[in-house]
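The residues making up each chain are set out below.
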Amino acid sequence: MEKEQAPRWWAVVAVMIGIFLLVTAEQLPIGLLSQVASSMDVTPGVAGLMVTVPGVVAAFSAPLLPVAVGRLDRRIMLTLLMGVMVIGSVLSAMASSFMLLLAARVLVGISIGGYWAVAGSIAPRLVPSDKVPKAMTIIFGGVAAASVLGVPLGTLLGDLSNWRVAFAALGGFSLLTALALWYWLPPLPPREPVRLKVLAQQFSNRGVRVAVLTTGFVVVGHFAAYTFISPILQEISGVAQRHVGSLLLLYGAAGILGNIAAGMFAGRHPYRAVLAIPSLLLLVVAVFPLLGVQPTSGVLLLMAWGAVFGSVSVSIQTWILRTAPNTEAATALMAFVFNLSIGLGAMVGGRVVDATSLPITMWAASGLFLLGALLVWRTPSRIVGEKHR
């Protein structure tokens, strides 16, 4: 194989680390919510805006930013977006008021959306065609890893020091990643971007439509409740705040196991894998306020929660690959929906928490899981190639 055709695995890894850091940044306030709320003298519901703002901004920057920058080399674009992430993280760590903190989170949202959208088209340009599935798995493995490990590690660092140190550390790692992207990525002249019209056309396909709507129900429901996992563990399960970071590492470990198990199962049974996600989340989250009232039971339910949600990315992506007429456009659409749902979930959960209570918020989230399960159940399994339900 000629040198120019050799796979650039270090470049693939750098892109993956960028995804990991960006998604970690988006969700990091979840584990630090109680600290930030106390430090900034705001309610937990208002503090949840730290997740809402970058989620909503990322949702719209995902389809719009690649179009806006036009002919800019994608190597330069990805490096600059990580640079914006550095600035956003440092400003978050230095924020003297909650409004300034939210303004810094806008920069984080711009980075997340633009980077995620472009990263989806990078793999075929870094490795030979027969290595593309492996490269895609590595790159988007950063999403799953951030969800199940990034937040717990950041929370643990915040518990050992304070929340500002966690944000500053994220900025430092982002700077190193920006340098790695510039060093390892080859020049990547832009190709034809995904147009908004093509995104809309994807939604007319029933398989894509079900995947998108199910993702919306699951992710909004998850983040409506999980955004407040720190107060949930403290107030419902009686866990001391100093232990929350360590427990979220258990959540992360369970999520990795769930991701591995789903990866093996969804390849053969994508319909059943996707149906199981909202069904099991419904069960776990609905019973949490009733059964998770002791530290032990709360931790067990937390690990079950992590295992199920850890399977979301690989299961939904497998469904998309089986049904989408244009997988690149469908992936961009999923990036939009996933990030928008994170922001909406945190916002809805915050309003419900401030107006009612944590248990009611968890039951409201369970209602969204029920809608997702019913939607998949009413969809013929044959659209993803399964003969039996």
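Located above this text is the structure these notes cover.
So, here is what we can say about the structure in this document. (Residues numbered from 1 in each chain as written. Predicted model: local features only at pLDDT ≥ 70, side-chain atom pairs only at ≥ 80, totals over all residues. Heavy atoms only, no water.)

### Structural notes on the overall build of the protein chain
Secondary structure summary: the protein chain contains 17 helices and 0 strands in total. Each of the three principal axes of the protein chain carries a C-alpha extent, and together these read 60 × 55 × 35 Å. The proportion of buried residues among the 389 residues of the protein chain is 54%. A fraction of 85% describes how many contacts in the protein chain between residues 6 or more apart in sequence connect residues 24 or more apart. (Helix = DSSP H or I, 4+ residues; strand = E, 2+ residues; numbered from the N terminus. Buried < 20%, exposed > 50% of the residue type's maximum accessible area, 1.4 Å probe, protein only. Contact = heavy atoms within 4.5 Å.)

### With respect to the packing of aromatic side chains
For the structure shown, the criterion picks out 10 aromatic pairs. Judged by centre distance (5.9 Å) and plane angle (55°), the ring pair of Trp 116 and Phe 338 falls under tilted. With Trp 116 in helix H6 (residues 98-119) and Phe 338 in helix H16 (residues 327-355), the pair connects residues that are 222 residues apart, well separated along the chain. By relative accessible area, which is 9% here, Trp 116 ends up buried. Classification of Phe 338 by relative accessible area gives buried; the value is 9%. Both rings, one in Phe 223 and one in Phe 309, keep their centres 6.0 Å apart while their planes meet at 85°; by these two values the pair is edge-to-face. One end of the pair, Phe 223, is in helix H10 (residues 206-226); the other, Phe 309, is in helix H14 (residues 295-309), and 86 residues separate them in sequence. Comparing Phe 223 with Phe 309, the two get one shared label, buried. Joined through ring pairs, the aromatic side chains of Tyr 226, Tyr 251, Phe 288 and Trp 305 make up one cluster. (Phe/Tyr/Trp six-rings, centres within 6.5 Å; stacked < 30°, edge-to-face > 60°.)

### Re the layout of surface pockets
Counted as a void, the second largest pocket has a volume near 170 Å³. What lines the second largest pocket is Phe 20, Leu 21, Thr 24, Leu 28, Gly 150, Leu 153, Gly 154, Leu 157, Ala 166, Ala 169, Leu 170 and Phe 173. Only helix H1 (9-27), helix H7 (132-160) and helix H8 (163-184) provide two or more residues apiece to the lining of the second largest pocket. Residues that form the lining of the second largest pocket fall into these classes: 9 nonpolar, 3 polar and no charged. (1 Å grid on protein atoms, 1.4 Å probe; cavity = no way out; pocket = protein on both sides within 12 Å on 5 of 7 lines; lining within 4 Å. Points joined across faces, edges and corners; volume = space filled by probe spheres on them. Nonpolar A, V, L, I, M, F, W, Y, C, P; charged D, E, K, R; others polar.)

### Remarks on the packing of helix H4 (residues 49-69) against H6
Where H4 contacts H6, the two axes come as close as 6 Å, and the packing angle between them is 35°. In this structure, the crossing between H4 and H6 has a hand that is right-handed. For the contact of H4 with H6, the residue count by class is 18 nonpolar, 4 polar and 1 charged. (Axes fitted to C-alpha atoms, helices over the stretch in contact; angles between N-to-C directions. Left-handed = near helix turned anticlockwise from the far one by under 90°.)

### Comments concerning a nonpolar patch on the surface
A contiguous nonpolar patch, built from Phe 173, Leu 175, Leu 176 and Leu 179 and spanning about 430 Å² of accessible area, is present on the exposed surface. Residue position: Leu 176 is located in helix H8. For Leu 176, a relative accessible area of 55% translates into the label exposed. (Patch = residues over 30% accessible without salt bridge, like charges linked within 9 Å, V, L, I, M, F, W, Y side chains within 5 Å. Areas by Shrake-Rupley, 256 points an atom, 1.4 Å probe, with all protein chains shown as cover. Salt bridge = Lys/Arg side-chain N within 4 Å of Asp/Glu carboxyl O.)

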